[in-house]
Amino acid sequence: MKKKKIVAIGTLCIPHEIIFEILKKIPVKSLMRFRCVSKSFCSLISEPLFIEAHQKLSTAQFHVSCSSLATRENVIQYFNQSRFSKLHSLASTNGLVCLWNFYGEVAVCNPFTQEHIFLPNQRPSITCCSLGFDPTTKKYKVIKAQYYILDDRDYSCKVRYWIYTIGVDNLWREIPDCANIFPIYNFVYIGGVIYCVNRLSKPYNIAAFSVENEKLIRMILSPDEVSTSKSPPKIVEIKGQVALVDQRKFGGDDKVSLYVLNGTGETETWVKHIIALPLELINTKYLPLFNTNPKGEILIPDAGRTILQMFLYDIAKKDWRKVDIHGICERVHRVSWVGVLLNLVENIWSLK
């Protein structure tokens, strides 16, 4: 018969399973203090299984509202530190954030534990980064695409891919056989795989990189409607599935197209959704800046004004709702950051 692990608190003896269930519902800021209570608490809170359980619960409880934005005020202030002032782009996975700029500077931080590390800076070049999680080793990895100009006259260039394992590597390691993959806009991470739209291919196909195996594993054909268009689509995640947003507006500038990849392997099909834009975004000179959240909603900041509100679209209900983002717009100057900041899930994962 298996013995139950008991944790002693003062004169009380509480089963380990009960302590586990209680602590996983505690906010990260409090958990950081609880690590100092005892060695047993510190050990429990540092366990990968506990971290994963806490993260899953945080994701399940995720919602976008005025109250949830208020709880992220300290996160917004954290990003406004001078040490991050030169880093203009970001991506997030499981609550961790990767920041970078075109000059090769890359940082990874956990805004809830207030930890950060700067990764080694390579030869300056145009850079695009993503953050992935290796489900086997339980380690986070940064994948970086760097563009090297070959000829200034015809803007020809080559792309080299690098990878860095947080807490393990001291130097970047190059990923071979990826020279013909030229990522557009951004990457998305889904279930151990990092995806990007390849600009060098016509049609615009999607490249898939395995975080665990650290290599290109396959190319996915994009829908016929967007594959040969002049304006490449933006890749996003919709409830754990790869999706493409055709950022050209149609029908009097009042609609956009969303394509969601359903199925696996040979049964994969693109499901098309026609989305009517909110009245406030129709006939504006600004192109909608799309993002998504863990609930599968589409986020569009109102870039045409002072970014005081955000529009969220529920695909199942086919309706829009507004969310006040006044607290964010006063502190974050780049519109592209807003969607990522709303997606942050509290995470106690240590960068060490």
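Refer to the preceding data block for the structure.
Cut-off values and rules
- Residues numbered from 1 in each chain as written.
- Predicted model: local features only at pLDDT ≥ 70, side-chain atom pairs only at ≥ 80, totals over all residues.
- Heavy atoms only, no water.
- Helix = DSSP H or I, 4+ residues; strand = E, 2+ residues; numbered from the N terminus.
- Buried < 20%, exposed > 50% of the residue type's maximum accessible area, 1.4 Å probe, protein only.
- Contact = heavy atoms within 4.5 Å.
- Areas by Shrake-Rupley, 256 points an atom, 1.4 Å probe, with all protein chains shown as cover.
- Arc of directions from axis to C-beta.
- Pairing = 2+ DSSP bridges.
- Axes fitted to C-alpha atoms, helices over the stretch in contact; angles between N-to-C directions.
- Phe/Tyr/Trp six-rings, centres within 6.5 Å; stacked < 30°, edge-to-face > 60°.
- Lys NZ or Arg CZ within 6 Å of the ring centre and 35° of its normal.
- Left-handed = near helix turned anticlockwise from the far one by under 90°.
- Salt bridge = Lys/Arg side-chain N within 4 Å of Asp/Glu carboxyl O.

**What to know about the overall build of the chain**
Phase 1 of the analysis: Along the backbone of the chain there are 9 helices and 22 strands.
Phase 2 of the analysis: Residue burial in the chain is summarised as follows: out of 352 residues, 52% are buried.
Phase 3 of the analysis: Contacts in the chain between residues at least 24 apart in sequence constitute 46% of all its contacts with a sequence separation of at least 6.
Phase 4 of the analysis: Accessible area for the chain stands at about 17900 Å²; split by element, carbon and sulfur atoms hold 54% of it.

**Notes on helix H1 (residues 16–23)**
Phase 1 of the analysis: For H1, the set of buried residues is His-16, Ile-19, Phe-20 and Leu-23. The arc that holds the buried residues of H1, viewed along the axis, is 105 degrees, so those residues lie on one side.

**Some words on the sheet that holds strand S3 (residues 89–93)**
Phase 1 of the analysis: The antiparallel open sheet is built from 4 strands, whose spatial order is S3-S4-S5-S6. Each edge of the open sheet is held by one strand with a lone partner, namely S3 and strand S6 (115–118). Ignoring strand direction, the axes of neighbouring strands in this sheet form an average angle of 20 degrees.
Phase 2 of the analysis: By the bridge criterion, 5 bridges tie S3 to strand S4 (residues 96–100) in an arrangement that is antiparallel. The residue bridging Leu-90 from the neighbouring strand is Leu-99, located in S4.

**What about the side chain of His-54?**
Phase 1 of the analysis: Structurally, the position occupied by His-54 is in helix H4 (residues 48–60).
Phase 2 of the analysis: In contact with His-54, not counting residues within four places along its chain, are Leu-23, Lys-24, Ile-26, Val-28, Leu-31 and Glu-346.

**Describing the packing of aromatic side chains**
Phase 1 of the analysis: Evaluated as defined, the whole model comprises 9 aromatic pairs.
Phase 2 of the analysis: On the basis of an interplanar angle of 65 degrees and a centroid distance of 5.5 Å, the ring pair of Tyr-78 and Phe-84 is categorised as edge-to-face. Phe-84 carries the same exposure label as Tyr-78, and that label is buried.
Phase 3 of the analysis: Judged by centre distance (6.3 Å) and plane angle (25 degrees), the ring pair of Phe-84 and Phe-118 falls under stacked. A residue pair is termed long-range when its members are at least 10 positions apart, and Phe-84 in the loop between helix H6 (73–79) and S3 and Phe-118 in strand S6 qualify at 34 residues.
Phase 4 of the analysis: Using a relative accessible area of 41% as the deciding quantity, one classes Phe-118 as partly exposed.
Phase 5 of the analysis: Within the aromatic cluster, the residues linked to one another by ring pairs are Tyr-78, Phe-79, Phe-84 and Phe-118.
Phase 6 of the analysis: Cation over ring: Lys-144 sits above Trp-172, and NZ or CZ is 3.8 Å from the ring centre.

**Topic: the environment of Ile-175**
Phase 1 of the analysis: Residue position: Ile-175 is located in strand S10 (residues 173–175).
Phase 2 of the analysis: On the basis of relative accessibility, which here comes to 4%, the residue Ile-175 falls in the buried class.
Phase 3 of the analysis: The spatial distance from the C-alpha of Ile-175 to the C-alpha of Trp-162 is 5.4 Å, given a sequence separation of 13 residues.
Phase 4 of the analysis: Residues within four places of Ile-175 in sequence aside, it is in contact with Ile-143, Tyr-161, Trp-162, Ile-163, Glu-214 and Lys-215.

**Here we look at unusual backbone geometry**
Phase 1 of the analysis: Its identity as a non-glycine residue notwithstanding, Asn-94 has a phi of 55 degrees, on the positive side.
Phase 2 of the analysis: Judged by relative accessible area, Asn-94 falls into the partly exposed class, the value being 25%.
Phase 3 of the analysis: A positive phi angle, near 50 degrees, is found at Lys-239, a position not held by glycine.
Phase 4 of the analysis: Here Lys-239 is to be found in the loop between strand S15 (234–238) and strand S16 (241–250).
Phase 5 of the analysis: For Lys-239, a relative accessible area of 59% gives the class exposed.

**Examining the packing of H1 against helix H3 (residues 39–46)**
Phase 1 of the analysis: Two numbers describe how H1 lies on H3: the axes approach to 11 Å, and their chain directions differ by 65 degrees. With respect to the hand of their crossing, H1 and H3 are arranged in right-handed fashion. Together, His-16, Ile-19, Phe-20 and Leu-23 of H1 and Phe-41, Leu-44 and Ile-45 of H3 make up the contact between the two elements.

**Focus: the pattern of salt bridges**
Opposite charge on two side chains permits them to pair, given that their charged atoms come into close proximity.
Phase 1 of the analysis: Across all of its chains, the model carries 8 salt bridges by this definition.
Phase 2 of the analysis: The salt bridge involving Glu-52 is made with Lys-138; its shortest N-O contact spans 3.7 Å. Pair noted here: Glu-52 is in helix H4 and Lys-138 is in the loop between strand S7 (126–134) and strand S8 (139–151), with a separation of 86 residues, a long-range link.
Phase 3 of the analysis: Residues Arg-173 and Asp-169 are paired through a salt bridge, measuring 3.0 Å at the closest nitrogen-oxygen approach.

Read these as spatial facts, not as claims about activity.
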